[in-house]
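The lines below spell out each chain.
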Amino acid sequence: MATKYRFIGKATPRKDALEIVQGKAQFIDDVKRPGMLCGKVLRSPYPHAGILKIDTTKAEALPGVRAVLTYKNVPDWKGGVPRHVKVLDNKVRFVGDGVALVAADTEEQANKALEQIEVVYEELPAVYDVEEAIQPDAPQLYEEFPRNLVPTNVKVFGPKTLSNVVMGDVDKGFKEADFIGEGTYAYENVANPLPLEPPGVIAEWQGPDQLTVWSATQSASWHRFIMVSKMGFPDIRAISTHCGGSFGSKNYSAQPLFYAAALSKVTGKPVKVMYTKEEQFGAFVLRLGSRFRGKVGIKKDGTVTAVSGEWFVDTGAFSDMAQAQVAVGCGEAQLMLRCANWDLQTKLVLTNRSASGVVRGFGGQELESAFHPILSIAMEQANLDPVEFFKKNYVKPGDGYYWREGNWWVCRGKDYSKAVVEGAKAFKWKDKWKGWLVPTAVDGSKRVGVGVGVHGNADVGEDDSEAYVRLNPDGTAVIHACVSESGMGQRSSLCKMAAEVLQIPLERVDMTPPDTLINPFDFGLVGSRGTYAVGSAVIAAAEDARRKILEVASSVLHAPPEELETTDGKVYVKTKPDSPVPWSRITGIMQTCTGFGRFTPDYSVPNFLILFVQVEVDIETGKVVLQHVVAATDAGQVIDPPSLEGQIYGSFGSAGTDTAIFEESVTDRKNGHLLNMNMIDYKWRTFSDLPEFRNVILETGIPSHRFKAVGVGEIATSPGPSAVLMAASNAVGKRLCEYPLTPEKILKALGKIKGA
Amino acid sequence: MSYVKEKATITLTVNGETHELEVGPGPSQVAPWHTLAQTLRETLGLTGTKIGCDHGGCGSCTVLVDGKAILSCITLSVECDGKSVTTIEGLGSPPGRAPDPIQQAFIDHTAFQCGFCTPGIIMASKALLEKTPSPHESEVKDALSGHFCRCISHYHVVRAVMAAAKKGS
Ligand code: FES
Ligand code: FES
């Protein structure tokens, strides 16, 4: 049974709760700098065009306008991997691509100036389909990338960065298989993670080589260490405000940051570039497009004998993080399927639409969602219960896998079979599962079906984290760590962990703001790493501080440190708990005591989530209703119950489960325009359509964390889309393989309407 | 040119405080095309009201005008002349200090994740509970159905509003 803790595992109010409910929490658009200008972007109306002429004289002459920048006079910074994305170019590659920048005293003046910029374009043919884009005669987006193929053998995670999965002997594997699932399927609705708060950046230069940026980010340090490498100057001080949702997308905001920094550089004033909702829809971050052509071989008992195929990854108009997502996707596929023989190749392709960036699920969701129909075909042939199949095939302790940086890791996490069993019980899977393409229930035109998906990630221990914990003489403690708050409640949870180590009331633990100037390095809140990676650094720092104060106390209390204990900011000899001495008498009132902690990467502890869904499909109208969801996981030890629950409920937000039902970015392929760039036309689930949602959270501790915990936040979205496809297919008795399952697609599949 | 006009002003009572604002395009004036959200945030500095979409599709800018929940991003400030506006900063007694029971319920149930939708959701919940002190769960959901919360704090929000209603009754 789980250990009893003073704070860990108990629901406590978030440390920032009062600020949030009173509207005092500062988000990026709430920040003003003295003399700040408004920055705006002129955007391309064409999906692909050269800029023949651009005239800014009229715009420059307008009142309040401080600067107008075009490709001719922007700084020579470059983003993208490998570096290929200019701040502005003499070519545009998607509808919404940046053409010119304006800084003016007010937003109205800036918008007027945009209207006065005269541009002559030369329209070029555009391409939207991954497999068309790689044809020799396809329109080419960048000279340096023939056939629109972006190299995947780049060193984003070091010299061996994973860009495929090759091991064993697939020919032999397929020979051993009893059943083979095969085909080409896609998850290409490039949904929008769509945090409520649009992205924005304020840039302000302190000197020619010194830039400070404010933004709402998920990972404060990315604007320093990632952007420095793109901009090539010594330092950026990155400060994060409260972040109004991110889901990956606001880990960093390269384009808005480039724009604000360029405008601030020429005007000598702070500049805020705040995207509108339309810009967030059409020119910020989309999910990757994903298409998989390949096959999987399985035996009668569900053993997977071989996986082979080609994964086409559509990154849109440029690639900044796609190689990293390809690497993680390749890793996660191996966690889901224990298999000895792999030949999974990848192609990273450019197309004329707004670029894909970091989105929760990070490659794995995209690959699995496209791969699942093939897996389902094989399971269906073998007549296997998918729950049993996933239970058998999810990575187990002792199994190995190549992770994103190309090294072979042996799992020393846990066997998640129990979470599968408990989840299935809570969902009543055994009663509801009637076999492949068989509905659970039929009521007139309404058909109920069930489906299931799994996902896991070994990134819970990714990258580095550092922290200081400073003990003050007044019995309070301050954590110095560069951690943002974008909804996970992680700042509060870290305070809890430190309070538990130091045994001081939670109210007495505080944390420095997310600011790279005042904090040591932290990679950020990605890959569910908050609990395991950041948590371990903070815990180590708190333990170090505790050790240090007990050492100092040793000479005051005339006892060796091992015989001392500290509780509530006082130190005592364990055998004499009633004569405690406050920290102020140990350190004196003019000294503090600081501990340091560091976490270094450990990819041996994957997390796991299984998602059961029940949908109802109306075969007359084609409407799909998500009725019932059970998510099951094993978190080792829950740190804060409501925060963990919230992360898992997030399963159908942020371009997750609902990308199988109604979420999609719809592009008109005649002109490259997005057709649903607003909150009315882009569909989202309302309060009135909430499914019944139950979380089953086990707590089987893992030894490598002080509180035996492992994070599971990020992965909640990933098993959803494929689970819904499976459920809807079972409901209607026909294999449905296209995301999202709009009424039109359902009715078409049922032969009730004609295909376009 | 034009005839000399009377200086046009509007009067907004915001969270109990009366503001007389000049109508015009200047920096501290209210232009005829300014939305209430803009005036609250930019002119009056009340940034607790959030703008998630600025086109009437997300609910985050919800405030109360004469007790009714409205979307301040699609309401012109000049339309609110003579009206009484309550924003998130105006809740609690004293306002902005000790939280209102509905705010306390959101704290107790951690009824938010990133918190960007929260001010709007709290204002809409406040309006609901004023009118319907003991709502059925489905009434809470209906009242909030125009509020987009991408983090999915919905389940915690419904619990919080129901708990606040129970305490209030
Ligand atoms: S900001 Fe007003 S409804 Fe979205
Ligand atoms: S809590 Fe983030 S949008 Fe609602």
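Residues numbered from 1 in each chain as written. Chains lettered and ligands numbered in written order. Predicted model: local features only at pLDDT ≥ 70, side-chain atom pairs only at ≥ 80, totals over all residues. Heavy atoms only, no water.

### Some thoughts on the overall build of chain A
Put simply, the rule reads: Numbering goes from the N terminus for both helices and strands, where a helix is a DSSP run of H or I of at least four residues and a strand is a run of E of at least two. Our radius of gyration is a C-alpha quantity, and the globule rule it is checked against amounts to 2.2 Å times the number of residues to the power 0.38. Per-residue and other accessible areas follow the Shrake-Rupley method at a 1.4 Å probe size, with only the shown protein chains counted as cover for residues. His residues and chain termini do not enter the charge count, which takes Lys and Arg as positive and Asp and Glu as negative. Note that the charge is assigned to NZ on lysines, CZ on arginines, CG on aspartates and CD on glutamates.
If you tally the helices and strands in chain A, you get 19 helices and 34 strands. In summary, chain A has a C-alpha radius of gyration of 27 Å against a globular reference of 27 Å for 756 residues, a match within 12%. Carbon together with sulfur atoms contributes 51% to the accessible area of chain A, which is approximately 26000 Å² in total. Once the 84 positive and 89 negative side-chain charges of chain A are each reduced to a mean point, those two points are 2 Å apart.

### Points about the overall build of chain B
Defined as follows: Relative accessible area decides the class of each residue, using a 1.4 Å probe on protein chains only: under 20% of the type maximum gives buried, over 50% gives exposed, and in between gives partly exposed. Any two residues whose heavy atoms approach within 4.5 Å are treated as being in contact.
Along chain B, the regular secondary structure elements total 5 helices and 5 strands. Listing every helix and strand of chain B by position from the N terminus yields β-β-α-β-β-β-α-α-α-α. Oriented by its inertia axes, the alpha-carbon framework of chain B measures out at about 60 × 30 × 25 Å. Evaluated residue by residue, chain B yields a buried proportion of 54% over its 169 residues. Long-range contacts, defined here as pairs at least 24 residues apart, represent 55% of the contacts in chain B between residues at least 6 apart. For chain B, the accessible area works out to roughly 7400 Å², and carbon and sulfur atoms hold 53% of it. Within chain B, the 16 negative side-chain charges are centred at a point lying 7 Å from the centre of the 14 positive side-chain charges.

### What about the pattern of salt bridges?
Defined as follows: Salt bridges are defined by distance alone: a side-chain nitrogen of Lys or Arg within 4 Å of a carboxyl oxygen of Asp or Glu.
Per the stated rule, a full pass over the model turns up 51 salt bridges over all chains. Residues A:E485 and A:R14 are paired through a salt bridge, measuring 3.9 Å at the closest nitrogen-oxygen approach. You can see A:E485 sitting in the loop between β24 (477-480) and α14 (490-502) and its partner A:R14 sitting in the segment before α1 (17-21), a full 471 residues away along the chain. One salt-bridge network, in which partners are shared between bridges, spans A:D29, A:D30, A:K272, B:R41 and B:K50.

### A word on the environment of A:Q255
All names here are of chain A. Here Q255 lies in helix α7 (residues 254-267). Considering only alpha carbons, one finds Q255 and A216, 39 residues apart in sequence, at a separation of 14 Å. Among residues more than four places away in sequence, those in contact with Q255 are V85, Y275 and F318.

### So, the nonpolar core
Taken as a class, soluble globular proteins show a tendency for nonpolar side chains to be buried jointly. Definition in use: Residues belong to a common nonpolar core when they are buried Ala, Val, Leu, Ile, Met, Phe, Trp, Tyr or Cys residues joined through side-chain atoms within 4.5 Å.
By size, the foremost hydrophobic cluster in this structure holds 216 residues, and its most contacted members are A:M231 and A:I479. If sequence neighbours within four positions are ignored, A:M231 has contacts with A:W77, A:L211, A:I236, A:L257, A:F258 and A:A261. By size, the runner-up hydrophobic cluster in this structure holds 47 residues, among which are B:A111, B:I121, B:I122 and B:V161.

### Points about the interface of chain A and chain B
Heads up, the condition is: Counted as a polar contact is a pair of N or O atoms within 3.5 Å, where, for protein atoms, one must be capable of donating a hydrogen and the other of accepting one, and residues adjacent in sequence contribute only when both atoms are in side chains.
Taken residue by residue, the interface counts 56 residues in chain A and 52 residues in chain B. In this structure, the connection of chain A to chain B is made through 6 salt bridges. As a salt-bridge pair, B:R41 and A:D30 come within 2.8 Å of each other at their nearest N and O atoms. At the boundary of chain A and chain B, one finds 21 residue pairs in polar contact (both at pLDDT 80 or more).

### A word on empty space enclosed by the protein
Picture a little ball the size of a water molecule; that probe, rolled over the atoms, points out where space is still empty. Residues and elements named next belong to chain A. Put simply, the test is: Think of a 1 Å grid over the protein atoms and nothing else: a 1.4 Å probe that fits but is trapped marks a cavity, an open set flanked by protein within 12 Å on at least five of seven lines marks a pocket, and residues with an atom within 4 Å of a point count as lining. Grid points are joined across faces, edges and corners, and a volume is the space filled by probe spheres set on the points. When residues are grouped by polarity, Ala, Val, Leu, Ile, Met, Phe, Trp, Tyr, Cys and Pro land in nonpolar, Asp, Glu, Lys and Arg in charged, and all others, Gly among them, in polar. The split into domains, and so the bounds of each, comes from an automatic or database assignment of domains.
Within the structure shown, the criterion is met by 7 cavities of 30 Å³ or more. Around the largest cavity, the lining comprises 24 residues; the ones closest to its centre are V85, K86, F94, D97 and F318. Mapped by element, the contributors of at least two residues to the lining of the largest cavity are β5 (85-86) and α7. Of the residues forming the lining of the largest cavity, the biggest block, 3 residues, is contributed by α7. Among the residues forming the lining of the largest cavity, the class breakdown is 13 nonpolar, 5 polar and 6 charged. Residue assignment places the lining of the largest cavity across two domains, with domain 2 (31-124 + 196-245 + 250-282) and domain 3 (289-460 + 604-749) each supplying three or more. Taken as a whole, the second largest cavity encloses approximately 160 Å³ of empty space. In terms of lining, the second largest cavity is formed by 18 residues, of which the most central are Y252, Q255, F284, V285 and G357.

### Section: the pairing of strand β31 (residues 624-634) of chain A
Side-chain positions along a regular strand alternate between the two faces of the sheet. All names here are of chain A. Operational definition: What makes two strands pair is DSSP finding at least two bridges between them.
Along β31, 9 of the 11 residues are buried, which leaves the element largely enclosed by surrounding structure. Sheet topology places strand β30 (residues 609-618) next to β31; 9 bridges connect them, and they run antiparallel. Bridge pairing in β31 links Q614 to H628. Two strands pair when backbone bridges link them, and β31 and strand β34 (residues 692-698) are joined in this way by 7 bridges, in the parallel orientation. If you follow V629 over to β34, its bridge partner there is F693.

### A word on the layout of surface pockets
In this model, the largest pocket occupies a volume close to 1400 Å³. Lining the largest pocket we find 42 residues, and of these A:C38, A:T106, A:E107, B:Q38 and B:E42 sit closest to its centre. When residues of the lining of the largest pocket are traced back to their parent elements, those giving at least two are β1 (37-43), α3 (107-115), β15 (271-274) and α8 (277-283) of chain A together with α1 (36-43) of chain B.

### Quick notes on the sheet that holds strand β2 (residues 17-22) of chain B
Residue and element names in this part refer to chain B. To keep it simple, the criterion reads: Geometry is summarised by axes, namely lines fitted to C-alpha atoms with helices restricted to the contacting stretch, and by angles between N-to-C directions that run from 0 to 180 degrees.
Here 5 strands make up an open sheet; going across it, the order is β2-β1-β5-β3-β4 and the pairing mixed. Among the strands making up the open sheet, the edge pair consists of β2 and β4 (68-71). In this sheet, adjacent strand axes meet at a mean angle of 35 degrees when their direction is disregarded. In the sheet, strand β3 (residues 62-65) pairs with β4 via 4 bridges, with the strands oriented antiparallel. Bridge assignment links V63 to a residue of β4, and that residue is I70.

### Considerations on the side chain of A:D320
Residue and element names in this part refer to chain A. Along the chain, D320 turns up in the loop between β17 (304-316) and α9 (322-336). Polar contacts involving the side chain of D320 include one to the side chain of K230, which spans 2.6 Å. Here Y252 takes part through its side chain, which lies 2.7 Å from a polar atom of the side chain of D320. For D320, the contacting residues outside a window of four places in its chain are G79, G80, V81, K230, Y252 and A254.

### Here's the deal with the domain arrangement of chain B
Residue and element names in this part refer to chain B. This is how the line gets drawn: By buried area we mean the combined loss of accessible area, with a 1.4 Å probe, across both parts when two parts are placed together.
Domain parsing of chain B yields domain 1 (9-90) and domain 2 (101-166). Averaged C-alpha coordinates put domain 1 and domain 2 at centres separated by 22 Å. With 16 residues of domain 1 at the contact, the number on the domain 2 side is 12 residues. With both chains or domains summed, domain 1 and domain 2 bury close to 1000 Å², and 72% of this area falls on carbon and sulfur atoms. Here domain 1 is connected to domain 2 by 0 salt bridges.

### Quick notes on the pairing of β2(B)
Residues and elements named next belong to chain B. Relative to β2, strand β1 (residues 9-14) is paired through 6 bridges, and the arrangement is antiparallel. In the sheet register, V14 faces β2, and the bridge partner there is E17. Counted between consecutive antiparallel strands, the loop separating β1 from β2 contains 2 residues, among which N15 sits at a positive phi close to 50 degrees.

### Quick notes on the sheet that holds strand β28 (residues 581-582) of chain A
Strand pairs in the sheet, formed through backbone hydrogen bonds, run parallel or antiparallel to each other. Residues and elements named next belong to chain A. Spatially, 3 strands are ordered β26-β27-β28 in an open sheet, and the strand pairing comes out antiparallel. A single partner strand is all that each edge strand has here, and the edge strands are β26 (564-567) and β28. Sitting on the sheet, helix α15 (residues 529-557) touches β26, β27 (570-573) and β28, and the angle it makes with β26 is about 120 degrees.

### Thoughts on the state of the cysteines
Which entries qualify depends on this criterion: We call a pair of cysteine sulfur atoms a disulfide when they lie within 2.5 Å.
Taken as a whole, this structure holds 0 disulfides over all chains when the rule is applied. This cysteine, A:C243, is not joined by any disulfide, and B:C114 carries the nearest cysteine sulfur, 7.2 Å off.

### Details of the packing of aromatic side chains
Each aromatic ring pair is summarised here by two numbers: the centre-to-centre distance and the angle between the ring planes. Residue and element names in this part refer to chain A. Quick note on the threshold: Stacked, tilted and edge-to-face pairs are distinguished by plane angle, under 30 degrees for stacked and over 60 for edge-to-face with tilted covering the rest, among Phe, Tyr and Trp rings (Trp via its six-membered ring) whose centres lie within 6.5 Å. Our definition puts a charge over a ring when NZ of Lys or CZ of Arg is within 6 Å of the ring centre and also within 35 degrees of the ring normal.
Enumeration over the complete set of coordinates arrives at 34 aromatic pairs over all chains. With a centroid separation of 6.0 Å and 80 degrees between ring planes, the pair formed by Y401 and W403 is classed as edge-to-face. With relative accessibility at 0%, the residue W403 sits in the buried group. Between W429 and W433 the ring centres are 5.1 Å apart and the planes differ by 15 degrees, which places this aromatic pair in the stacked class. W433 matches W429 in its accessibility class, with the two residues each being buried. Above the ring of F157, the side-chain terminus of R404 is found at 3.9 Å from the ring centroid.

### Considerations on α9(A)
Inclusion rule: Expected span of a helix: the number of residues minus one, times 1.5 Å.
With 15 residues, α9(A) should reach 21 Å at 1.5 Å per residue; the first-to-last C-alpha distance of 21 Å fits that figure. The buried count for α9(A) comes to 15 of 15 residues, which makes it a mostly enclosed element.

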